[in-house]
Amino acid sequence: MTEFRRDAAVAACCGVLLLTFLVVTDGVGELANPLVAVVGVFGAVVVEAMFLADTPVADWWTRPWVRIASAFALLGSALGAALVAGPAVVAAACWGLATYFVFLALAVTGYWP
């Protein structure tokens, strides 16, 4: 399995779990909130910038355990924060994952290094 496929599979699993949470908690409507979308997209851009910049963080991403740990961190933090702040946090995480998939598609097609 290529790195792109593995990353996509892990992100897709996270997305399914987060969307399931929104359905079960009746929070799907938060996905239509523009502020939630902006926060999620901005968060994804910041995270991707950290992993692409010439910093120690970029070297971490080459380690497979970091990729898996980041998925667990995403799920744990989003679901944990949802207990305090409500489903908008999970919806923002979904928007962040959607943004990640756009970046991944651009990388796979060669439009983005």
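Throughout what follows, the structure given in this document is the object of discussion.

Reading guide: rules and limits
Residues numbered from 1 in each chain as written. Predicted model: local features only at pLDDT ≥ 70, side-chain atom pairs only at ≥ 80, totals over all residues. Heavy atoms only, no water. Helix = DSSP H or I, 4+ residues; strand = E, 2+ residues; numbered from the N terminus. Buried < 20%, exposed > 50% of the residue type's maximum accessible area, 1.4 Å probe, protein only. Salt bridge = Lys/Arg side-chain N within 4 Å of Asp/Glu carboxyl O.

A word on unusual backbone geometry. Non-glycine residue D26 carries a positive phi angle of around 60°. Note that D26 resides in the loop between α1 (3-24) and α2 (34-52). Classification of D26 as exposed rests on a relative accessible area of 71%.

Tallied over the entire structure, the rule returns one salt bridge. Where R67 meets D7, a salt bridge forms, and the shortest distance between an N and an O atom there is 3.3 Å. Of this pair, R67 sits in helix α4 (residues 64-85) while D7 is found in helix α1, placing the two residues 60 residues apart along the sequence. Classification of R67 as buried rests on a relative accessible area of 9%.

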